[in-house]
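Descriptive analysis of the structure
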Amino acid sequence: MSTTITIKEIRDEDFTSYKKPSMVIGFPHCSWKCEKMCGMRVCQNGALAQAPDKTIGVHTIVNRYINNPITSAIIMAGLEPFDSEEDLMLLISYLRVATHDDIVIYTGY
């Protein structure tokens, strides 16, 4: 089993997306469900959709998170984390071994 995942972005410290200082992981896939459901363009992650994909080791993410004394939560965000289900579950499983901090998933589902 590979221990790398594909993401669009990683922000080591974010202070506006959750009630606690957080690391943010931007996942690379989306079915555009939100736009299909409402019949208009509503995606707030259009710029992120155009960003290149990045491959990163799960251990790298976990170590960056654990070694940052500022963050106390990790956010899985857009595009759509559940459209990268295997990578999402792999990352969460490694995080749960290392920490019981909040894991927040922002989804269009």
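Treat the numbers as computed from the prediction; the structure is a model and nothing was measured.

Attention shifts here to the nonpolar core. By size, the foremost hydrophobic cluster in this structure holds 18 residues, and its most contacted members are Ile5, Ile25, Ile61, Ile74, Met76 and Leu91. Mapped by element, the contributors of at least two residues to this core are β1 (4-7), β3 (22-26), α3 (58-66), β5 (73-77) and α4 (85-98). Here the element with the most residues in this core is α4; it accounts for five residues. Contact partners of Leu91, with chain neighbours within four places excluded, come to Ile5, Ile25, Phe27, Val58, Ile61, Val62 and Met76.

Let us now look at the sheet that holds β3. The strands making up a sheet are joined through hydrogen bonds of the backbone, oriented either antiparallel or parallel. Reading across from one edge, β2-β3-β5-β6 is the order of the four strands in this open sheet, with mixed pairing throughout. Both edges of this open sheet fall to β2 (9-14) and β6 (102-105), since each of them pairs with a single strand only. Neighbouring strand axes in the sheet, compared pairwise and without regard to direction, differ in orientation by 15 degrees on average. Strand direction decides the pairing type here: β2 and β3, joined by four bridges, are antiparallel. Its bridge partner being in β3, Glu9 is matched across the sheet by Gly26. Each of β2, β3 and β5 is contacted by α3, which is oriented at about 160 degrees to β3, the strand it contacts most.

A full pass over the atoms with the stated rule returns five salt bridges. A salt bridge links Asp53 to Lys8; the nearest nitrogen and oxygen atoms lie 3.0 Å apart. Here Asp53, found in the loop between α2 (46-50) and β4 (54-57), pairs with Lys8, found in the loop between β1 and β2; they are 45 residues apart in sequence, far enough to count as distant. Given a relative accessible area of 7%, Lys8 falls into the buried group. A salt bridge links Arg11 to Asp14; the shortest N-O distance between them is 2.6 Å. Judged by relative accessible area, Asp14 falls into the buried class, the value being 6%. Connected through shared salt-bridge partners, Glu9, Arg11 and Asp14 make up one network.

Contact geometry of α3 with α4 gives a least axis separation of 10 Å together with a crossing angle of 40 degrees. Comparing their axes, α4 and α3 come out oblique. Between α3 and α4 lies a crossing of right-handed hand. Counting all contacts with α3, which are made through Val58, His59, Ile61, Val62, Tyr65 and Ile66, the residues of α4 involved are Leu90, Leu91, Tyr94, Leu95 and Ala98. The residue inventory of the contact of α3 with α4, partitioned by class, reads 10 nonpolar, one polar and no charged.

About the thresholds
Residues numbered from 1 in each chain as written. Predicted model: local features only at pLDDT ≥ 70, side-chain atom pairs only at ≥ 80, totals over all residues. Heavy atoms only, no water. Core = buried A, V, L, I, M, F, W, Y, C linked by side-chain atoms within 4.5 Å. Buried < 20%, exposed > 50% of the residue type's maximum accessible area, 1.4 Å probe, protein only. Helix = DSSP H or I, 4+ residues; strand = E, 2+ residues; numbered from the N terminus. Contact = heavy atoms within 4.5 Å. Pairing = 2+ DSSP bridges. Axes fitted to C-alpha atoms, helices over the stretch in contact; angles between N-to-C directions. Salt bridge = Lys/Arg side-chain N within 4 Å of Asp/Glu carboxyl O. Parallel < 35°, antiparallel > 145°, perpendicular 65-115°, else oblique. Left-handed = near helix turned anticlockwise from the far one by under 90°. Nonpolar A, V, L, I, M, F, W, Y, C, P; charged D, E, K, R; others polar.

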